[in-house]
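An overview of the molecular structure
What follows is each chain in one-letter form.
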Amino acid sequence: MIVVYTAIVLSVLIFAHELGHFGAAKLSGIKVNEFALGMGPAIFKRQRGETTYALRAFPIGGFCAMEGENGDSEDEKSFDSKPMGIRAIVLAAGSFMNVVLAILIMTGIILYFGTSVTTTLRVITDGSPAQEAGILPGDTIVSVDGVETAAWADIVKEISETDKDSIPIGIVRGGNELVVETGIATAENGRKVIGITPKVNRNPFAALAMGTKASYGMIVNMVDILRQLFTGEVPATEMTSIVGIAVIVDETAKIGMLPLLNLVALISLNLAIVNMLPFPALDGGRLVFLVIRKVTGRAITDKMEATVHMIGMAMLLALMVFVTWNDIGRIIKGTMPGLGGGF
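Reference entry: report on the structure contained in this document. As a convention, each chain's residues are numbered from 1 in the sequence order in which they are written. Totals for whole chains, interfaces and linings use every residue, but because this is a predicted model, local features are given only for residues with pLDDT of at least 70 and side-chain atom pairs only at 80 or more, for both listing and counting. Hydrogens and water molecules were not included; the side-chain quantities draw on all heavy atoms of the structure.

Turning next to the packing of helix H5 (residues 204-231) against helix H7 (residues 257-275). Running from N to C, H5 and H7 cross one another at 55°; their axes reach a closest spacing of 10 Å. When the axes of H5 and H7 are compared, the pair comes out oblique. Classified by chirality, the crossing of H7 by H5 is right-handed. Facing Ser215, Met218, Ile219, Met222, Val223 and Leu226 of H5, the residues of H7 in contact are Ala265, Leu266, Leu269, Asn270 and Ile273. Working convention: axes come from line fits to C-alpha atoms, limited for helices to the stretch in contact. Angles between N-to-C directions cover 0 to 180 degrees. Helix and strand assignments come from DSSP, with helices taken as H or I runs of at least 4 residues and strands as E runs of at least 2, each series counted from the N terminus. Roughly parallel means an angle under 35 degrees; roughly antiparallel, over 145; roughly perpendicular, 65 to 115; everything else is oblique. Should the near helix be turned anticlockwise from the far one by less than a right angle, the crossing is termed left-handed; should it be turned clockwise, right-handed. Throughout, a residue-residue contact means that at least one pair of heavy atoms, one from each residue, lies within 4.5 Å.

Structure below.
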């Protein structure tokens, strides 16, 4: 299943990335010759208008082939015929979509768990001290051991820090305030509990805000990791290849769907950041050439730019081989780390 999981994850991420380029190109009036998911020979093709949509044999990539990407077209709808600002938007749209995908995933996870918890109870555990004390679902806790509790964290704090065998719990039920005495139990992790679970609020707008904040935090962390890679604070051997990602995806999938979705969001942001690096052959490198050619005019030809991107691609492939070989060695030794700063 490790191959299946990895293929699904990468297909989703690459599809989102290329869909960003595709959507921006179409909205900008740029002719898209082919939009493909996967690499290698085509196993499915369909022509719709001026674009061929294809599914290719190997789910390890994808592409959005635009007319005149390399400046070799006279078509008025070619990529190269558009203003610099439009071309920059099209190039950045792939990474933008990966960021959007990560935010949506994180929003979904937060919405699943709830954006906030209340002091109103949803579940009373069977056989728990709370049930024996007569506490019911729907009760709202207003105090614990005489201390007012305005938030769930207050309830947890007072129960976990008590040194008593039983404590009074102030509750509101049907508009009436009651005080019940409940015993204390000890959970498997050693935490003091009474067997209550709160209701949660699921506000989509709050979840979106929290999902965006969580994604931003991951971006900041990954940018710092990249900085450490370039400064040598973190060795290049800590980078993770497709092989390493496959192992991490497989191990995470065994834990559960929510951790896997969190990992997908993390990889999606990683893909967005890496693609925007100002390195030849990457979207960021192509953006740099847009600026350089705008400033220098005809001093840099299409052929010169294509050559630089070809050299950049060769360097990226060499780095991929190095990182993959390193990952294989770590897998054999059983020292595979978490997701690093790049692919």
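Glancing now at the packing of aromatic side chains. In this scheme Phe, Tyr and Trp rings, the latter by its six-membered ring, pair at centre separations within 6.5 Å, and the angle between planes marks the pair as stacked below 30 degrees, edge-to-face above 60, and tilted otherwise. For the structure on display, the rule yields five aromatic pairs. Both rings, one in Phe35 and one in Tyr53, keep their centres 6.5 Å apart while their planes meet at 70°; by these two values the pair is edge-to-face. Of this pair, Phe35 sits in strand E1 (residues 32-48) while Tyr53 sits in strand E2 (residues 51-66), and the two are 18 residues apart along the sequence. Classification of Tyr53 by relative accessible area gives partly exposed; the value is 27%. Ring pairs connect the aromatic residues Phe15, Phe22, Phe35 and Tyr53, which therefore count as one cluster. For a lysine, the NZ atom is tested; for an arginine, the CZ atom; a charge sits over a ring if that atom is within 6 Å of the ring centre and within 35 degrees of the ring normal. Here Arg286 stacks its cationic end above the ring of Phe79, 5.7 Å away from the centre of that ring. Whether a residue is buried, partly exposed or exposed follows from its accessible area with a 1.4 Å probe, protein chains only, as a fraction of its type maximum: under 20%, in between, or over 50%, in that order.

With that out of the way, let us pick up the nonpolar core. Nine residue types can take part in a nonpolar core, namely buried Ala, Val, Leu, Ile, Met, Phe, Trp, Tyr and Cys, and a core is a set of them joined through side-chain atoms within 4.5 Å. In terms of nonpolar packing, the biggest core is built from 27 residues, with Val9, Leu13, Ile105, Met218, Val249, Ala265 and Ile267 touching the most fellow members. Of all the secondary structure elements, the ones that give two or more residues to this core are helix H1 (2-27), helix H2 (84-113), H5, helix H6 (242-255) and H7. At eight residues, H7 tops the list of elements feeding residues into this core. When residues no more than four places from it in sequence are discounted, the contact partners of Met218 are Met106, Ala265, Leu266 and Leu269.

Here, a salt bridge means any Lys or Arg side-chain nitrogen found within 4 Å of an Asp or Glu carboxyl oxygen. For the coordinates displayed, the defined rule picks out 15 salt bridges. The shortest N-O distance in the salt bridge between Glu50 and Lys77 comes to 3.0 Å. Taken as a pair, Glu50 in the loop between E1 and E2 and Lys77 in the loop between E2 and H2 lie far apart in primary sequence, 27 residues in all. Residue Lys77 is classed as partly exposed on the basis of its relative accessible area, which comes to 30%. Three or more residues are tied together by salt bridges with common partners; here these are Lys26, Glu50 and Lys77.

Where H1 contacts H2, the axes come no closer than 7 Å and their chain directions differ by 140°. The angle between H1 and H2 places the two elements in the oblique class. The crossing of H1 and H2 is right-handed. For the pair H1 and H2, the contacting residues are Val12, Leu13, Ala16, His17, Leu19, Gly20, His21, Ala24 and Ala25 in the first and Ile89, Val90, Leu91, Ala93, Gly94, Ser95, Met97, Asn98 and Leu101 in the second.

Looking now at H5. Helix span, as expected, comes to 1.5 Å for every residue beyond the first. Compared with the 40 Å implied by 1.5 Å per residue over 28 residues, the 40 Å span of H5 between its first and last C-alpha is a close match. Buried residues of H5: Ala207, Gly211, Ser215, Met218, Met222, Leu226, Gln228 and Leu229, and no others. Turning to H5, the residues buried within the fold contact H2 and H7. Immediately beyond the C-terminal end of H5, within one or two residues, lies Gly232, with a positive phi of roughly 90°.

Okay, helix H8 (residues 283-296) next. Because each turn of an α-helix spans 3.6 residues, side chains separated by three or four positions end up pointing in the same direction. With 14 residues, H8 should reach 20 Å at 1.5 Å per residue; the first-to-last C-alpha distance of 20 Å fits that figure. Turning to H8, its buried residues are Asp283, Gly284, Gly285, Arg286, Leu287, Phe289 and Leu290. Where the residues of H8 are buried, they touch H1, H2, H7 and helix H9 (302-333). Just downstream of H8, Gly297 is the residue with a positive phi angle, here 70°.

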